[in-house]
Amino acid sequence: MSSLTEKDRPVVQLLLNTGTCPRCILRFCCVGSQTLYRHPDKDLMKDLQDFLKKTQEKEDAVCLDVVDPPRKRIRLEHTEEGPEDLSHNGALSQIPSVTDGNAAVGSSAGKVCNVCLGILQEFCEADFVKKVCQKVNSADYQFTSFVFSVSLPPQLSVRERAAWLGVKQQMRNLGLSLAKDDIVQLKEAYKWIIHPQLAEELGVPADGKSLFEVSVVFAHPETDEECRFLATACPDCFKPAKNKQSVFTRMAVMKALEKIKEEDFLKHFPCPPSSPKNLCDALEIQCNNGAVFVAGRYNKYSRNLPQTPWIIDGERKLESSVEELISEHLMAEFKADSFNFSSSGREDVDVRTLGNGRPFAIELVNPRRIHFTAEEMKRLQQAINNSSDKIQVRDLQLVTRSAIGRMKEGEEEKTKTYSALIWTDRAIQREDITLLDDIKELKLDQKTPLRVLHRRPLAVRCRVIHTMSSEYIDEHHFRLHLKTQAGTYIKEFVHGDFGRTKPNIGSLLNRTADILELDVESVDVDWPPTLDN
Amino acid sequence: ADVKGRPCEDFCVLQHSNRRHNISISFFRICVITLAEAHPLLRSGKTIKSINYQISANCSRLQNKVSGKSKRGAQFLTELAPLCRISSSDGEEYTIYSCIRGRLIEVNENILSNPALLQEKPSTEGYIAVVLPKFEESKSITQGLLTQKEYEEVLLKRRNASS
């Protein structure tokens, strides 16, 4: 084959003799032509054998000095190789062969490659591709592209290093040089071969940025112990594992391989690497879709509904929750594994949320379905609204992950307005409460309320009540509308929380006050975008 | 506020619960130590001269500093740990005890500047201290105290005994 030159001969010879598969041989010869790797295994083997068998016709000293530029697509996009191609190679002074020149014929054929352990052999075949695609199709995901990620056992790096050292040594013996960096990485070559096949079978392109991930984990238990010597040679690379999982992670092994000296490596590891008995196992073929985000605003009309499930000691104390009522339908439609609910602040169990509602966002994890039209979202919104009178949602829409930031910024920065029904111990007349209407930008010091002190740090919060407006009801009741800074505890402002919120309605009116009802009138965040519902 | 009182001897420990749901077990472990209605300091005629949170040479309840959700650094209290000593103008001195085991969260500094608060509003703004018992001990603490009703029965018995 034309992409191999005479200088590759000793490499090919050595690797073929020692049990390396054709594709790995091409990698070590820095062959960058993707299509070449896609040729059937048998054809590549034959080409290599022919390459070796060919006798040199003429001396071509120039050939020796020509260094193959890495990754260059050497005019080899053809599909058939004939003997005429081989004659283009220049001659080379006779190189003493490592073993019998023709013994290479039998060495590699039919064996599991000692470098890739079968990854570039069996796992490039149509059968494996079919197996992967069957898994994907049965998992029933909606996707328009895919990214194929592969997890290789760490001992592959060790074997790669051993093979390379062997090659390097051989070249040194022959007075030639070899640059390591140009060797084609195993994973890269594997993807060259398998991506087109997967794309064909699945009907969608491979895309590194795709949200749909098909992942395969390979393992080779037969050679799992091969990394062990690195722990004695470079102990500081291997931190004790927190879980029971192996210390010999891919990263740790790579790090150790960088550190270890050549001589030490060769002392502990056979070079060339031994031929394994078995192929790798493809342990798991898994599919995963990137999360989608659904946002909206919710109203809460119940005074008996927590935002998140209220469970103490495994017992549910109150039925349902805001997040469950909303996400139940979404989970079913998007067919997700789980969800994460977040909102721009929250209200107590006994507080209603009126007005435009409170912004929320739900992250749907690993959804099977991801495409929804605006119409479908509207119908989904209607379904949620029909299913419960405790909550209602509006502006339901798909959003990006980055959009969530807008919602959280609302939680800390934006104002809220409330309506509170207040009771007083001593009687009040209309004129007694008008003073509240005139108070602007009232600064409060609120210690962490007792009712949340078991789960929050003790601190003092300064918060501002921007405006108030009162409505007299009777001698012991009035309604108060307030506009406050985000993070203000309204109930504590009314009853004073044992005097730990100052000032408070009680201190302002010189009475004892308590709050009977609280409603959120508005959450002043202009996200998510309003839809014409 | 949403509290249920469980008086203990002459002290009243208020354990937080949420009355709107009429749930009888208190979920929120926070306890507020206050004077119970029969405490001598609450009898008319008594004026408070001083309140001292320095209970020993090395320990002042005012130095109590807590940090984080788990309230690290809090002074740990046992049932008989003194919270403060109160002297009345008639020369009597009263020690206010914690009554429960737990971490001291805060003492009420408002009564230092305004001692009358302790007598005027003993169950609210005149509280003595806030204590957070250990999660595991929370229930047993509740059981070790008297309910309002039980306390009133005790008071009744006392009155009958003395008359």
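Just so you know, these numbers come straight off a predicted model, no measurement behind them.

Draft legend 1. Representation of the UniProt feature "domain: Pus10-like C-terminal" (unreviewed entry) in chain A in the model. Residues annotated in UniProt with the feature "domain: Pus10-like C-terminal" (unreviewed entry) correspond here to residues 293–524 of chain A. Annotated as residues 293–524 of chain A, this span is 25% helix and 40% strand, and its ends, taken at the C-alpha atoms, are 22 Å apart.

Draft legend 2. Geometry of the nonpolar core. Residues and elements named next belong to chain A. I119, L120, F148, Y190 and F218 are the most contacted members of the largest nonpolar core, which totals 81 residues. Setting aside its immediate chain neighbours within four residues, I119 contacts C124, L152, L156, L186, Y190, F218 and C280. The next biggest cluster of nonpolar side chains, apart from the first, holds 34 residues, and it includes F293, A361, A513 and W527.

Draft legend 3. Layout of unusual backbone geometry. Going from A:C271 to A:P272, the amide bond is cis rather than trans, its omega being 10°. Backbone geometry at A:K335 places phi at a positive 50°, although glycine is not the residue there. Counting through the fold element by element, A:K335 comes out in the loop between α14 (322–334) and β7 (338–343). Unusually for a residue other than glycine, B:K71 sits at a positive phi of about 60°. In this structure, B:K71 sits in the loop between β4 (48–52) and β5 (76–77). On the basis of relative accessibility, which here comes to 0%, the residue B:K71 falls in the buried class.

Draft legend 4. Local environment of the sheet that holds strand β3 (residues 281–289) of chain A. All names here are of chain A. Here three strands make up an open sheet; going across it, the order is β1-β2-β3 and the pairing mixed. With partners counted over all chains shown, the strands left at the sheet margins are β1 (147–151) and β3, one partner each. The sheet shows a mean angle of 20° between the axes of neighbouring strands, direction not considered. Where β1 and strand β2 (residues 212–219) come together, five bridges link them in parallel fashion. Across the sheet, V147 pairs through a bridge with E213, a residue of β2. Where helix α8 (residues 126–139) meets the sheet, it contacts β1, β2 and β3, and its direction lies at approximately 35° from that of β3. Most of the contacts of helix α10 (residues 186–202) go to β1, to which it runs at about 140°, and overall it touches β1 and β2.

Draft legend 5. Inspection of helix α15 (residues 374–387) of chain A at higher detail. Residues and elements named next belong to chain A. Taking 1.5 Å of rise per residue, 14 residues should cover 20 Å, and α15 covers 20 Å from first to last C-alpha, within 8% of that figure. Among all positions in α15, only M377, L380, Q381, I384 and N385 are buried. Projection of α15 onto a plane perpendicular to its axis shows the buried side chains occupying an angular sector of 135°, all on one side. The outward face of α15, more than 90 degrees from its buried face, is lined by the exposed residues R379 and N386. Elements that come into contact with the buried residues of α15 comprise β4 (292–300), α14 and β9 (391–399).

Draft legend 6. Seen up close, the packing of aromatic side chains. Here the structure, examined in full by the defined rule, presents 16 aromatic pairs over all chains. Ring geometry for A:F123 versus A:F128: centroids 4.9 Å apart, planes at 85°, classification edge-to-face. The two residues A:F123 and A:F128 agree in class, both being buried. For the pair A:F498 and B:Y127, a centre-to-centre distance of 5.8 Å together with 80° between the ring planes defines the contact as edge-to-face. Separated into two different chains, A:F498 in the loop between α18 (490–495) and β14 (501–502) and B:Y127 in the loop between α2 (116–120) and β9 (129–132) make up a pair that spans both. Taking relative accessible area as the criterion, A:F498 reaches 6% and is therefore assigned buried. The exposure class of B:Y127 is buried, given its relative accessible area of 1%.

Draft legend 7. Here's a closer look at the packing of α14(A) against α15(A). Residues and elements named next belong to chain A. Relative to each other, α14 and α15 sit at 140°, their axes nearing to 9 Å. Of the possible angle classes, the one that applies to α14 and α15 is oblique. Relative to α15, the crossing made by α14 is right-handed. Judged by residue contacts, L325, I326, H329, L330, E333 and F334 of α14 engage M377, L380, A383, I384 and S387 from α15.

Draft legend 8. Molecular detail of the state of the cysteines. The final tally for this structure, using the stated rule, is zero disulfides over all chains. With no disulfide of its own, A:C116 lies 3.6 Å from the sulfur of A:C113, the closest cysteine sulfur. B:C99 provides the cysteine sulfur closest to B:C31, a residue in no disulfide bond, and the two sulfurs are 10 Å apart.

Draft legend 9. Seen up close, the sheet that holds β4(B). Residue and element names in this part refer to chain B. Read from one edge of the open sheet, three strands run β4-β6-β7, paired in antiparallel fashion. Every other strand in the sheet has two partners, leaving β4 and β7 (93–97) as the edge strands with one partner each. Each strand of the sheet is rotated relative to its neighbour by a mean of 20°, with strand direction disregarded. In this structure, strand β6 (residues 82–88) lies alongside β7, joined through five bridges in antiparallel fashion. Across the sheet, residue I86 finds its bridge partner in β7, namely Y94.

Cut-off values and rules
- Residues numbered from 1 in each chain as written.
- Chains lettered and ligands numbered in written order.
- Predicted model: local features only at pLDDT ≥ 70, side-chain atom pairs only at ≥ 80, totals over all residues.
- Heavy atoms only, no water.
- UniProt positions renumbered as here; feature names shortened; annotations may be inferred.
- Helix = DSSP H or I, 4+ residues; strand = E, 2+ residues; numbered from the N terminus.
- Core = buried A, V, L, I, M, F, W, Y, C linked by side-chain atoms within 4.5 Å.
- Buried < 20%, exposed > 50% of the residue type's maximum accessible area, 1.4 Å probe, protein only.
- Contact = heavy atoms within 4.5 Å.
- Pairing = 2+ DSSP bridges.
- Axes fitted to C-alpha atoms, helices over the stretch in contact; angles between N-to-C directions.
- Expected span 1.5 Å × (residues − 1).
- Arc of directions from axis to C-beta.
- Phe/Tyr/Trp six-rings, centres within 6.5 Å; stacked < 30°, edge-to-face > 60°.
- Parallel < 35°, antiparallel > 145°, perpendicular 65-115°, else oblique.
- Left-handed = near helix turned anticlockwise from the far one by under 90°.
- Disulfide = S-S within 2.5 Å.

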